[in-house]
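Structure assessment
Now for the letters of each chain:
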2 protein chains.
Amino acid sequence: MNRYQQALDLDAQDPLKHLQSRFFFGCDAPIYLDGNSLGMLPRDTVSHLQQVITRQWGERLIRSWNEGWYELSARLGSLLAPLIGAGEDEVIFSDSTTVNLYKLAFGALQIRPGRKKIVTDDLNFPTDIYILEGLARQMGREYRVELAGSRDGMTMDEQTLDSLIDTDTALVLLSHTAFKSGFLYDMESVTELARRKGALVLWDLSHSAGALPVRLNDAGADLAAGCSYKYLNGGPGAPAFLYVSSALQQQLPSPIWGWFSEADPFGFSLSYRPAAGIRKFLTGTPPVLSLSAVEPALKLLHEAGMDAIRTKSLKQTQFLLDTADELLVRLGCTVGTPREAHRRGSHISLRHPEAYRICRALINPAGDRQAVIPDFRESDTIRFGIAPLYTRFSDVCRAMERTAEIISTEEFARHSLDRDGVT
Amino acid sequence: MNRYQQALDLDAQDPLKHLQSRFFFGCDAPIYLDGNSLGMLPRDTVSHLQQVITRQWGERLIRSWNEGWYELSARLGSLLAPLIGAGEDEVIFSDSTTVNLYKLAFGALQIRPGRKKIVTDDLNFPTDIYILEGLARQMGREYRVELAGSRDGMTMDEQTLDSLIDTDTALVLLSHTAFKSGFLYDMESVTELARRKGALVLWDLSHSAGALPVRLNDAGADLAAGCSYKYLNGGPGAPAFLYVSSALQQQLPSPIWGWFSEADPFGFSLSYRPAAGIRKFLTGTPPVLSLSAVEPALKLLHEAGMDAIRTKSLKQTQFLLDTADELLVRLGCTVGTPREAHRRGSHISLRHPEAYRICRALINPAGDRQAVIPDFRESDTIRFGIAPLYTRFSDVCRAMERTAEIISTEEFARHSLDRDGVT
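Residues numbered from 1 in each chain as written. Chains lettered and ligands numbered in written order. Predicted model: local features only at pLDDT ≥ 70, side-chain atom pairs only at ≥ 80, totals over all residues.

**Structural notes on the overall build of chain A**
Scanning chain A from terminus to terminus reveals 13 helices and 13 strands. Its C-alpha atoms give chain A a radius of gyration of 22 Å, near enough to 22 Å, the size a compact globule of 423 residues would have. Judged by the C-alpha coordinates and their principal axes, chain A covers about 70 × 60 × 40 Å. The 423 residues of chain A split such that 57% are buried. Of the contacts made within chain A by residues no fewer than 6 positions apart, 74% connect residues no fewer than 24 positions apart. (Helix = DSSP H or I, 4+ residues; strand = E, 2+ residues; numbered from the N terminus. Rg over C-alpha atoms; globule rule 2.2 N^0.38 Å. Buried ≥ 20, exposed ≤ 12 C-beta atoms within 10 Å, placed from the backbone. Contact = placed C-beta atoms within 7 Å.)

**Details of the sheet that holds strand β7 (residues 223–226) of chain B**
Residues and elements named next belong to chain B. The strand order across the open sheet built from seven strands is β2-β8-β7-β6-β5-β3-β4, with neighbouring strands paired in mixed fashion. Edge positions in the sheet fall to β2 (91–93) and β4 (144–148), since each of these pairs with one other strand and no more. Taken over all neighbouring pairs, the strand axes of this sheet differ in orientation by 20 degrees on average, direction set aside. (Pairing = 2+ DSSP bridges. Axes fitted to C-alpha atoms, helices over the stretch in contact; angles between N-to-C directions.)

**A few points about the interface of chain A and chain B**
Tallying the contact residues gives 71 residues for chain A and 71 residues for chain B. Those elements that place two or more of their residues in the side of chain A that touches chain B are α2 (43–60), α3 (69–80), α4 (97–110), α5 (126–139), α9 (288–292) and β12 (375–377) of chain A. At eight residues, α5(A) tops the list of elements feeding residues into the side of chain A that touches chain B. A class-by-class count of the residues in the side of chain A that touches chain B yields 39 nonpolar, 23 polar and nine charged. (Nonpolar A, V, L, I, M, F, W, Y, C, P; charged D, E, K, R; others polar.)

**Quick look at the relation of the copies chain A and chain B**
Note: a rotation about an axis with an accompanying shift along it relates these two copies of the chain. Once chain A is rotated about the relating axis by 180 degrees and shifted along it by 0.0 Å, it coincides with chain B to within an RMSD of 0.0 Å. Both copies are brought into coincidence by an operation consistent with a two-fold rotation axis. Relative to the rotation axis, the closest C-alpha in chain A is found at S290(A), a distance of 2.7 Å. Most of the interface of chain A is mirrored in chain B, where 100% of its interface residues are also at the interface. (Least-squares fit on C-alpha atoms with pLDDT ≥ 70 in both.)

**Points about the domain arrangement of chain A**
All names here are of chain A. Under the domain assignment, chain A is made up of domain 1 (3–32 + 305–414) and domain 2 (47–302). Relative placement of domain 1 and domain 2: their C-alpha centres are 29 Å apart. Taken together, the contacts link 20 residues of domain 1 with 16 residues of domain 2. Those elements giving two or more residues to the side of domain 1 that touches domain 2 turn out to be α11 (306–327) and β10 (347–351). With four residues, the single largest contributor to the side of domain 1 that touches domain 2 is α11. A per-class count over the side of domain 1 that touches domain 2 returns six nonpolar, eight polar and six charged. (Domains from an automatic or database assignment.)

**Considering the packing of α4(A) against α5(A)**
All names here are of chain A. Following both chains from N to C, one finds α4 and α5 inclined at 40 degrees, their axes separated by 10 Å at the closest point. For the element pair α4 / α5, the angle class is oblique. The two elements α4 and α5 meet at a crossing, and its hand is right-handed. Contacts between α4 and α5 involve T97, T98, L101, Y102, A105, F106 and L109 on the former and, on the latter, T127, D128, I131, L132, L135 and M139. (Parallel < 35°, antiparallel > 145°, perpendicular 65-115°, else oblique. Left-handed = near helix turned anticlockwise from the far one by under 90°.)

**Remarks on the environment of I358(B)**
All names here are of chain B. Its place among the elements puts I358 in helix α12 (residues 355–363). Here I358 falls in the buried class, since 25 other C-beta atoms lie within 10 Å of it. Considered as a pair, I358 and I92 are 266 residues apart in the sequence and their alpha carbons are 40 Å apart. Not counting chain neighbours up to four residues away, the residues in contact with I358 comprise H352, I382, T403, I406, I407 and F412.

**Examining the sheet that holds strand β4 (residues 144–148) of chain A**
All names here are of chain A. Across the sheet, seven strands lie side by side as β2-β8-β7-β6-β5-β3-β4; this open sheet has mixed pairing. Because the sheet does not close on itself, it has two edges, and the strands there are β2 (91–93) and β4. Averaged over neighbouring strand pairs, the angle between their axes works out to 20 degrees when direction is ignored. Bridge count for strand β6 (residues 200–204) against strand β7 (residues 223–226) is three bridges, and the pairing is parallel. The residue bridging L202 from the neighbouring strand is L223, located in β7. The strands that α3 touches are β2 and β8 (241–244); relative to β2, the one it contacts most, it runs at about 130 degrees.

So this is what it looks like as structure tokens:
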């Protein structure tokens, strides 16, 4: 049986196949393997936003704050909580991932006074590292950020990390799933090794939430944040979430004392009293239209179930690896993502010296070929994202075949090396 | 001629009357005098958002970042700039007002080292005061926030402010138009008196932008921020804007070093270099749906012109004052807003011991009376917002008549004193 027929069979047996039609596909829809950058549009979101815009904003106007908007950040937090293994009062939607990392990292440094070291790794997403650099600068000269060095920018040896965390370490900030390679940390063991030194861990779940079952409480996790525009399908730049374990909510301070974090925002007191619980980590008025789009998307994930999503994701990433081994390795591609299932998230990184131009050729094919959309990450990586709610095995197969065609025919040579895009 | 007939005549002569139909009115539309809390929905926004949702997100997906989204924050900043008297490279959309105030106030304290005092006033919106309290706490024990005391919570004597600003003052943060009373500061004279002592001024323009022509450059203003969900009609919780004068952009640091503020965000460098210019004050990925809604709304303001808006606003607030003098003063109402045109924004505050219950009765009328929507602010204030793009003189007249009816018949007594709402 050839590989494409095998893919079609796998699609036919897929217990989540009915969910694909719950997403919006326009005419000329590409093969979309970039849900790890921006999730697709759920059809329910279209009708929900229509209601939010014309009914809630247009007709109910300011009254909508009393009719659901005020509670929305917390309600969505409760809806997300079981998908990431948290208690429903431990998660809330607020700001961007960047601002949430800033708030939580600031708080962590305050409750670990005297410790001057912040540990992260060179696999981390740049904004995470930048936030820490800025915070160290602001905290004073003696503060420093140290980066654990990865193997080849793709995976991390836990020993390397362990040797960097010491009794001067206040905070460890890591991406649970690495953005470039899809490498997945063992949350429980890292949390444990940091705890042994008295350090807190802040997890960036941007590439994990909605992609695999995260078990924050089971791992004894302290702090986490992440975006909702990737595997959660919340829409472009959708508001982010944050998690503070119930054990830390009382003591952890926020640096940004906004009115939505006040005990009684509409009492208009002239002196700040922080709200009890997770609300303390809110700031100002949230962007309601973008926030509202998160709700139908989270409901779809509940409908599918995180375990079923992980099962399909692992089957699909394995299928991608197998196909790449067969078609692409002999064309000079190497695999950046760990082979072990428990060490990878839901995207696969393939490396090739011409990765940038191959990626341009996939996205902008000549003639009437269907576009394939993965994304490129400096300097030699193409990421193929598997979003089990809408990705088909046949999409994965076609993407690999098309990549092989581009490399073997040198079709990529038509494209410029200029980095003219921003993503 | 009776007052209602006068109102209809004024409506007929109104040079902006054609713009009312550019807003969305559902069936059972209330008389809406709360555009100072949440602006109405422009009809163009409905169709624009439809495009953003299904075409930009649904069909173009990640490619939309290269097709407009990445530039959107700056483009909207340039569009807003002339409406607030700023250069087009001095304004950008980002985060919430709260987070922007935090970033700019933090920056101001860094470039005024050694000065330990922050001045604001007791007319200011609570989030502004809270942000300063939090920042002072974080900066260290010697930092303090001092509040200039108003006359009766409604207006400020500039002498009082002047006497509080000294050579130990790093920053003065004021709401240009006071949220409760509509009192309007003279931006130029306050900026000048702060500058004489070497202090910077950060203006909260939330109740000014879109309500009256703000002249940041003419006033020599240093810093400003504000929301876009009031008179700018950008939608509930729409992203906020910030202004940093070109003279300060190079030296002012931001505390939140997010990837959107980096010189080359998609270079994914492991070390932060701030972007040149106003982009330095961005943080993370912006909420694109909410941000997109701001664009058609700003275009409507350009179409009307800020001078025409101010002319109509002053006529309407004067008409409201005249009507209140005739109908409401004898019923125990007093006016909280300054009578002088150059001292008021675009909302009028009426005070009455039963303000809360009167407000409830206006919003929730018995029988088939049309609802009137102003808002209530503790402890005795009803705010009536004039949004000249869609407010009619006849709306103002009916609102005053209805208020008189509620007070004179004691209809408010049907309502509870419990503060059950959040707005």
